[in-house]
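Observations on the model geometry
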Amino acid sequence: MTRRILLVNGPNLNLLGSREPEVYGTATLADVERLTVDAAEAEGYEIRALQSNHEGVLIDAIHAAREDCAAIIINPGGLTHTSVSLRDALTGVALPFAEVHISDVYAREDFRHHSYLHDVAAVRVIGEGVDGYASAVRQLAALIA
């Protein structure tokens, strides 16, 4: 079994650290990736990380993951609430995945309450800040062990 997890961050997550710090905190995307790599290494996994503002790039990365990844961690950003195609890609590759949201989406605008991924995600981590990524690694590692 492969010991790699794909980390996917969707649109606007490249702005972490400067975009709405009162909502998302001051950690940068590089901080998130470092934290996730450290958590994965502690569990005996490596991370391949990707961030894109383009849905097709995310879908292509998810498709490629079936070749050499055991699981996926995804923060789909705004695509959470709009993308059936992202859902289809995740279910199509049949890898367990964790849906991560830095903020508590249920304490925000009503449109953020709906996720196209929630019912097919093996793990959901919501509102734990960037520490939620490490939590997702630990939960996925326990699931796929």
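Bear in mind the structure is a predicted one, so any value in this text is a computation, not a measurement. (Residues numbered from 1 in each chain as written. Predicted model: local features only at pLDDT ≥ 70, side-chain atom pairs only at ≥ 80, totals over all residues. Heavy atoms only, no water.)

**What about the pairing of strand 3 (residues 71-75)?**
In terms of burial, strand 3 is largely enclosed, as five of its five residues are buried. Across the two faces of strand 3 the burial is the same, with Ala71, Ile73 and Asn75 and Ile72 and Ile74 all buried. Across five bridges, the pairing between strand 1 (residues 4-9) and strand 3 is parallel. In the strand pairing of strand 3, Val8 is matched with Ile74. As for the winding sense of the linkage, the β-α-β connection from strand 3 through helix 4 (residues 84-93) to strand 4 (residues 97-101) is right-handed. (Buried < 20%, exposed > 50% of the residue type's maximum accessible area, 1.4 Å probe, protein only. Helix = DSSP H or I, 4+ residues; strand = E, 2+ residues; numbered from the N terminus. Pairing = 2+ DSSP bridges. Right-handed = clockwise from strand over helix to strand, strands pointing away.)

**A look at the nonpolar core**
In this structure, Tyr45, Ile73, Ile102 and Tyr133 are the most contacted members of the largest nonpolar core, which totals 27 residues. Elements supplying a minimum of two residues to this core: strand 1, helix 2 (29-42), strand 3, strand 4, strand 5 (123-126) and helix 5 (131-144). Once residues within four sequence positions are removed from consideration, Tyr133 is found in contact with Leu7, Asn9, Val32, Leu35, Thr36, Ile73, Asn75, Val100 and Ile102. Judged by nonpolar contacts, the second largest core, of 19 residues, contains Val8, Leu58, Ile59 and Phe97. (Core = buried A, V, L, I, M, F, W, Y, C linked by side-chain atoms within 4.5 Å. Contact = heavy atoms within 4.5 Å.)

**Some remarks on the pattern of salt bridges**
Within the structure shown, the criterion is met by eight salt bridges. The residue Arg4 makes a salt bridge to Glu46 at a minimum N-O spacing of 2.7 Å. With Arg4 in strand 1 and Glu46 in strand 2 (residues 46-51), this residue pair connects regions lying 42 residues apart in the sequence. Glu46 gets classed as partly exposed once you look at its relative accessible area, which sits at 40%. Taking the shortest distance from any N to any O, the salt bridge between Arg34 and Asp31 comes out at 2.6 Å. Here Asp31 and Arg34 lie together in helix 2, a separation of three residues that amounts to about one turn. On the basis of relative accessible area, Arg34 is assigned to the partly exposed category, the value being 48%. For Asp31, a relative accessible area of 31% translates into the label partly exposed. One network of salt bridges, with partners in common, ties together Arg4, Glu46, Arg48 and Asp68. (Salt bridge = Lys/Arg side-chain N within 4 Å of Asp/Glu carboxyl O.)

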